[in-house]
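Commentary on secondary and tertiary structure
One letter stands for each residue in the lines below.
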Amino acid sequence: MFATVGYRQDVLLQTVRQSTAHAPLIGCSSTGVIAQGIADESNFSIVVIVVRSDELTRHYGIEPGVNISSASFGENAQRQL
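Residues numbered from 1 in each chain as written. Predicted model: local features only at pLDDT ≥ 70, side-chain atom pairs only at ≥ 80, totals over all residues. Heavy atoms only, no water.

What about a nonpolar patch on the surface?
A cluster of nonpolar side chains, Phe-2, Ile-49, Val-51 and Leu-56, forms an exposed patch at the surface whose accessible area comes to about 430 Å². By the secondary structure assignment, Val-51 is in the loop between strand E5 (46-47) and helix H2 (70-80). (Patch = residues over 30% accessible without salt bridge, like charges linked within 9 Å, V, L, I, M, F, W, Y side chains within 5 Å. Areas by Shrake-Rupley, 256 points an atom, 1.4 Å probe, with all protein chains shown as cover. Salt bridge = Lys/Arg side-chain N within 4 Å of Asp/Glu carboxyl O. Helix = DSSP H or I, 4+ residues; strand = E, 2+ residues; numbered from the N terminus.)

Some points on the pattern of salt bridges
Two side chains carrying opposite charge are able to pair once their charged atoms lie near each other. As enumerated under the stated definition, the model contains 1 salt bridge in all. For the salt bridge of Arg-8 with Asp-10, the shortest nitrogen-to-oxygen distance reads 3.0 Å.

Concerning the confidence of the model for the protein chain
Of the residues in the protein chain, 91% reach a pLDDT of 70 or more, and the chain-wide mean stands at 82. Per-residue pLDDT, averaged within each element of the protein chain, yields its smallest value for strand E2 (residues 28-30) (77) and its largest for helix H1 (residues 9-19) (89). (pLDDT = per-residue confidence, 0-100.)

With respect to the sheet that holds E2
Spatially, E2-E1-E5 is the arrangement adopted by the 3 strands of the open sheet, whose pairing is mixed. The two strands at the open ends of the sheet, each matched to only one other strand, are E2 and E5. By the bridge criterion, 2 bridges tie strand E1 (residues 2-4) to E5 in an arrangement that is antiparallel. Counterpart to Phe-2 in the pairing with E5 is Val-47. (Pairing = 2+ DSSP bridges.)

Listed below in structure tokens is the structure:
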């Protein structure tokens, strides 16, 4: 999920979580979203991508500190994967 900052993020997240049956969710706030044929940089745009597969696997992680060093952030994220 990518959403611009005009929304109340807590309400938006709750609404999306309810609509996706609390499936694993990854996303962030952004200054705009891009979808097929659309580029929207308004304060009120959202894109939610849903993937369902019996063949794909996924891995999640949280790596704090991107504001300290983007290089070490990337290296730590790579090690986690």
